[in-house]
Amino acid sequence: SQTIHQWPATLVQPVGSPLSLECTVEGTSNPNLYWYRQAAGRGLQLLFYSVGIGQISSEVPQNLSASRPQDRQFILSSKKLLLSDSGFYLCAWSAHRTGLGNTIYFGEGSWLTVV
Amino acid sequence: DAKTTQPTSMDCAEGRAANLPCNHSTISGNEYVYWYRQIHSQGPQYIIHGLKNNETNEMASLIITEDRKSSTLILPHATLRDTAVYYCIVRVAGNQFYFGTGTSLTVIP
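Please read these numbers as outputs of a predicted model, since none were measured by experiment. (Residues numbered from 1 in each chain as written. Chains lettered and ligands numbered in written order. Predicted model: local features only at pLDDT ≥ 70, side-chain atom pairs only at ≥ 80, totals over all residues. Heavy atoms only, no water.)

S.K.: It is not clear to me how the overall build of chain A should be interpreted in this structure. Could you clarify?
M.R.: Counting secondary structure elements, chain A contains 0 helices and 11 strands. Counting helices and strands in the order they occur from the N terminus, chain A gives β-β-β-β-β-β-β-β-β-β-β. A compact globule built from 115 residues should have a C-alpha radius of gyration of about 13 Å, and chain A, at 14 Å, falls within 12% of that. Its C-alpha atoms give chain A principal-axis dimensions of about 40 × 30 × 25 Å. Within the span of chain A, comprising 115 residues, buried residues form 49% of the whole. Residue pairs at least 24 apart in sequence account for 55% of intrachain contacts in chain A once pairs closer than 6 positions are excluded. (Helix = DSSP H or I, 4+ residues; strand = E, 2+ residues; numbered from the N terminus. Rg over C-alpha atoms; globule rule 2.2 N^0.38 Å. Buried < 20%, exposed > 50% of the residue type's maximum accessible area, 1.4 Å probe, protein only. Contact = heavy atoms within 4.5 Å.)

S.K.: Sorry if this is basic, but what is going on with the interface of chain B and chain A here?
M.R.: Note on interface size: it is often stated as the accessible area lost on association of the parts. Chain B puts 24 residues into the contact, and the matching count from chain A is 23 residues. Of the roughly 1800 Å² buried between chain B and chain A, counting both surfaces, carbon and sulfur atoms make up 56%. Across the contact surface, chain B and chain A share 0 salt bridges. Summed over the shared surface of chain B and chain A, the result is 3 residue pairs in polar contact (both at pLDDT 80 or more). The biggest single contributor to the side of chain B that touches chain A is strand β3 (residues 33-38) of chain B, with 3 residues. (Buried area = accessible area lost by both parts, 1.4 Å probe. Salt bridge = Lys/Arg side-chain N within 4 Å of Asp/Glu carboxyl O. Polar contact = N/O pair within 3.5 Å; in protein donor to acceptor, adjacent residues only side chain to side chain.)

S.K.: Honestly, the sheet that holds strand β3 (residues 19-26) of chain A in this entry has me stumped. Any pointers?
M.R.: Strands in a sheet are paired, the pairing made by backbone hydrogen bonds, and the direction either parallel or antiparallel. Residues and elements named next belong to chain A. Pairing within the open sheet is antiparallel, and its 4 strands lie in the order β1-β3-β8-β7. Edge positions in the open sheet fall to β1 (3-7) and β7 (64-70), since each of these has one partner strand only. Going from strand to strand, the sheet's axes swing by 20° on average, the running direction of each strand aside. Here β7 runs beside strand β8 (residues 73-78); their pairing, made up of 5 bridges, is antiparallel. Within β8, the residue paired with S65 across the bridge is S77. (Pairing = 2+ DSSP bridges. Axes fitted to C-alpha atoms, helices over the stretch in contact; angles between N-to-C directions.)

S.K.: I would appreciate a short explanation of the state of the cysteines in the present structure.
M.R.: Formally, a disulfide is one covalent bond, and it connects the sulfur atom of one cysteine to the sulfur atom of another. All told, the structure shown has 2 disulfides over all chains when counted by the stated rule. The residue that forms a disulfide with C23(A) is C91(A), at a sulfur-sulfur distance of 2.0 Å. The sign of the S-S torsion, about -75°, decides the handedness of the disulfide formed by C23(A) and C91(A): left-handed. In this pair, C23(A) is assigned in strand β3 and C91(A) in strand β9 (residues 87-94), connecting sequence segments 68 residues apart. Covalently, C22(B) is tied to C88(B) through a disulfide, its sulfur atoms 2.1 Å apart. Handedness of the C22(B)-C88(B) disulfide follows from its S-S torsion of about -80°: it is left-handed. One end of the pair, C22(B), is in strand β2 (residues 18-23); the other, C88(B), is in strand β8 (residues 84-90), and 66 residues separate them in sequence. Like C88(B), C22(B) is buried. (Disulfide = S-S within 2.5 Å.)

Structure representation (structure tokens):
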């Protein structure tokens, strides 16, 4: 069966510091990968999605970036964090196939507090 | 952007059916309706999805109107553990899933 893991689960970072959140998927190949962010009391905002290694699409311009160095690895980064980057970050995956009946599955999430 | 509209919050008595509505009047012919729920501080959990026909699984039933402009998620016997935010999503062409703000369901003892 497929599993998705992301880490760290919780982190507190000072303003201006770098960020790296990592996500890996097991049990499938060539998945579509996603990063979402959820601010406190808000809905989920799609940040990035990837359909393959090195292929990243950005939904929202910001000081965050994403990379996919390996097939099942997705990394969310920032060179300098802002207070507004605080939130709950979720990695997700879906099978790489055409058609719209394709379910997305989420990781456990990472809580980021920028102080 | 989300293509769905849901009530902000709902209450349901424990043991009763919870009926969560969703409007998606601009849905296209090949777009599916998905439902997820999110318990606080956890990743969203997949519940069910459908295209045209009504669907049922071990968690819930999904009723889609004939014109596909709205749908209802039914939790047949709500329990306290069903208290969560429920998201109705229409997946647009491509690989993106856009979530709205969802319905906060509170199951009352």
